[in-house]
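Each chain, letter by letter, is given below.
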Amino acid sequence: MIGQDGGVPIPPLRRAPVQRRSAERLGRILDACAELLDETGYEDLSTRAVAERAGVPIGSVYRFFSNKRAMAEALAHRNLDEYAARVTERLAASAADGPDGGGWREAMDVVVDEYLAMKRGAPGFALVEFGMPVPVTATPDQPNHLVADRLRELLGERLGLEESGEAGERVRVAFLLAVEAADALLRLAFRVHPEGDPVIVAETKELLRAYLAGVLD
């Protein structure tokens with residue numbers, strides 16, 4: 001199943017929604033899953049509780065998902081779609097202010113700021129974010145790889161990024177390292193302060209600028 005903007009695929013559903021009513025029901029199930037993650041955590045999450053919160057029969061949940069893990073994975077991918085949409089909207093607004101729109105440094109600030117906004121306010125995001133809330137075996141499709149690839153796609157045309165050859169590979173690696181570094185530092189920021197320590201957030205932005213300057217300038 002493809003994400004809302006045609007990007008990262010959501011893990012295969014048992015049955016993809018075809019009609020609008022079915023898609024709306026799937027949305028309610030994922031909304032309920034997000035709310036319950038905030039309230040109970042992943043370990044105590046259950047498909048039955050999700051069905052009750054969403055106001056749908058338990059069979060409707062199993063129509064889409066085989067278990068709670070599959071639900072959480074789908075929520076994580078929906079989060080990535082929403083994050084990409086928010087970044088795109090912000091970048092479009094800044095581009096309207098001028099032909100450059102602040103360049104790649106402003107774009108990186110938007111990337112960080114929209115992550116912080118979701119971390120602080122999106123239901124279930126604090127636990128699931130863009131990947132599973134429990135340890136999984138590392139694969140090429142692990143969350144930070146998906147985030148890095150999505151951001152590189154979003155910013156590629158805007159920043160004139162190389163997409164092939166040695167230069168393209170350097171950009172790909174640079175985005176992955178930037179996402180990995182930002183992920184670790186912003187997690188630290190939220191361990192230090194429930195809303196994300198502002199000093200650590202500011203230093204994270206400075207670190208990203210310093211590192212990416214060698215690739216994007």
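This text goes with the structure placed above it.
Below is a short write-up of the structure.

Quick notes on the rules
Residues numbered from 1 in each chain as written. Predicted model: local features only at pLDDT ≥ 70, side-chain atom pairs only at ≥ 80, totals over all residues. Heavy atoms only, no water. Axes fitted to C-alpha atoms, helices over the stretch in contact; angles between N-to-C directions. Helix = DSSP H or I, 4+ residues; strand = E, 2+ residues; numbered from the N terminus. Left-handed = near helix turned anticlockwise from the far one by under 90°. Contact = heavy atoms within 4.5 Å. Nonpolar A, V, L, I, M, F, W, Y, C, P; charged D, E, K, R; others polar. Phe/Tyr/Trp six-rings, centres within 6.5 Å; stacked < 30°, edge-to-face > 60°. Buried < 20%, exposed > 50% of the residue type's maximum accessible area, 1.4 Å probe, protein only. Lys NZ or Arg CZ within 6 Å of the ring centre and 35° of its normal. Expected span 1.5 Å × (residues − 1). Polar contact = N/O pair within 3.5 Å; in protein donor to acceptor, adjacent residues only side chain to side chain. Patch = residues over 30% accessible without salt bridge, like charges linked within 9 Å, V, L, I, M, F, W, Y side chains within 5 Å. Areas by Shrake-Rupley, 256 points an atom, 1.4 Å probe, with all protein chains shown as cover. Salt bridge = Lys/Arg side-chain N within 4 Å of Asp/Glu carboxyl O. Lys, Arg positive; Asp, Glu negative; His and termini not counted. Charge placed at Lys NZ, Arg CZ, Asp CG, Glu CD. Parallel < 35°, antiparallel > 145°, perpendicular 65-115°, else oblique. Core = buried A, V, L, I, M, F, W, Y, C linked by side-chain atoms within 4.5 Å.

## Notes on the packing of helix 1 (residues 20-40) against helix 2 (residues 47-54)
Stage number 1. One can describe the packing of helix 1 onto helix 2 by two numbers: an axis separation of 8 Å at closest approach and a directional angle of 115°. Regarding helix 1 and helix 2, the two cross each other, and that crossing is right-handed. Contact with helix 1, carried on its side by Arg28, Ile29, Ala32, Cys33, Glu35, Leu36 and Glu39, involves Ala49, Val50, Arg53 and Ala54 of helix 2 and no other residues of that element.
Stage number 2. Of the residues contributing to the contact of helix 1 with helix 2, the split by class is 7 nonpolar, no polar and 4 charged.

## Here's the deal with the packing of aromatic side chains
In this description, an aromatic ring pair is defined by two values, namely the gap between the centres and the angle between the planes.
Stage number 1. Under the criterion given, the structure shown has 5 aromatic pairs.
Stage number 2. Aromatic side chains Phe64 and Phe65 sit 6.3 Å apart centroid to centroid with 55° between the ring planes, which places their arrangement in the tilted category. For the pair shown, Phe64 and Phe65 are each scored as buried.
Stage number 3. Measuring from ring centre to ring centre gives 5.2 Å for Phe125 and Phe130, while their planes differ by 75°; the resulting arrangement is edge-to-face.
Stage number 4. Take Phe130: its relative accessible area is 9%, and that puts it in the buried class.
Stage number 5. An aromatic cluster of three or more residues is present, and its members are Tyr83, Tyr115, Phe125 and Phe130.
Stage number 6. When the ring centre of Tyr42 is taken as reference, the NZ or CZ atom of Lys68 above it lies at 4.6 Å.
Stage number 7. In this arrangement the basic side chain of Lys119 is found over the ring face of Phe190, its NZ or CZ atom lying 5.5 Å from the centre.

## Points about helix 9 (residues 198-216)
Because each turn of an α-helix spans 3.6 residues, side chains separated by three or four positions in sequence point in the same direction.
Stage number 1. With 19 residues, helix 9 should cover 27 Å at 1.5 Å per step; its first-to-last C-alpha distance of 26 Å lies within 8% of that length.
Stage number 2. Residues of helix 9 that are buried: Ile200, Val201, Thr204, Lys205, Leu208, Arg209, Leu212, Ala213, Val215 and Leu216.
Stage number 3. The elements touched by buried residues of helix 9 are helix 5 (103-121) and helix 8 (165-192).
Stage number 4. Between the side-chain oxygen at the start of helix 9 and the backbone nitrogen of Val199 there is a gap of 3.2 Å, and the oxygen is on Asp197.

## Details of the side chain of Asn144
Stage number 1. Mapped onto the elements, Asn144 comes out in helix 7 (residues 143-159).
Stage number 2. By relative accessible area, Asn144 is classed as buried at 14%.
Stage number 3. Residues contacting Asn144, with those up to four places away along its chain left out, are Leu176, Val179, Glu180 and Asp183.

## Side note on a negative patch on the surface
Stage number 1. On the surface, Glu153, Glu157, Glu162 and Glu163 cluster together to form a negatively charged patch.
Stage number 2. By secondary structure assignment, the location of Glu157 is in helix 7.

## Considering the packing of helix 5 against helix 9
Two numbers describe a pair of packed helices, the interaxial angle and the distance between the axes.
Stage number 1. Look at helix 5 against helix 9: their axes get within 10 Å of each other, and the N-to-C directions meet at 140°. Between helix 5 and helix 9, the interaxial angle falls into the category oblique. Two packed elements cross with a definite hand, and for helix 5 against helix 9 that hand is right-handed. Contacts between helix 5 and helix 9 involve Trp104, Arg105, Met108, Asp109, Val112, Asp113 and Leu116 from the former and Val201, Lys205, Leu208, Arg209, Leu212, Ala213 and Leu216 from the latter.
Stage number 2. For the contact of helix 5 with helix 9, a count of residues per class yields 9 nonpolar, no polar and 5 charged.

## Details of a nonpolar patch on the surface
Stage number 1. Together, Val173, Leu177 and Tyr211 make up an exposed nonpolar region whose accessible area comes to about 240 Å².
Stage number 2. Considering the arrangement of structural elements, one finds Leu177 in helix 8.

## What to know about the nonpolar core
Stage number 1. Among the nonpolar cores identified, the biggest contains 39 residues, and Tyr83 and Phe175 are the most heavily contacted of them.
Stage number 2. Top element by residues in this core is helix 8. It accounts for 10 residues.
Stage number 3. When near neighbours in sequence (up to four residues on either side) are disregarded, Tyr83 contacts Val111, Glu114, Tyr115, Met118, Phe130, Val147 and Leu151.

## Examining unusual backbone geometry
Stage number 1. One non-glycine residue, Glu129, adopts positive backbone phi at about 50°.
Stage number 2. Here Glu129 lies in the loop between helix 6 (125-128) and helix 7.

## Description of the pattern of salt bridges
Stage number 1. In total, this model carries 19 salt bridges according to the counting rule given.
Stage number 2. One salt bridge in this structure joins Asp113 and Lys205, with 2.7 Å as the shortest N-O distance. One end of the pair, Asp113, is in helix 5; the other, Lys205, is in helix 9, and 92 residues separate them in sequence.
Stage number 3. What makes Asp113 partly exposed here is its relative accessible area of 25%.
Stage number 4. Among the salt bridges present, the one from Asp183 reaches Arg187, with a minimum N-O distance of 3.0 Å. A residue pair is termed a helical-turn pair when its members lie 3 or 4 positions apart in one helix, as Asp183 and Arg187 do in helix 8 at 4 residues.
Stage number 5. A relative accessible area of 39% means that Arg187 is categorised as partly exposed.
Stage number 6. Residues participating in the shared-partner salt-bridge network are Glu82, Arg86, Arg90 and Glu114.

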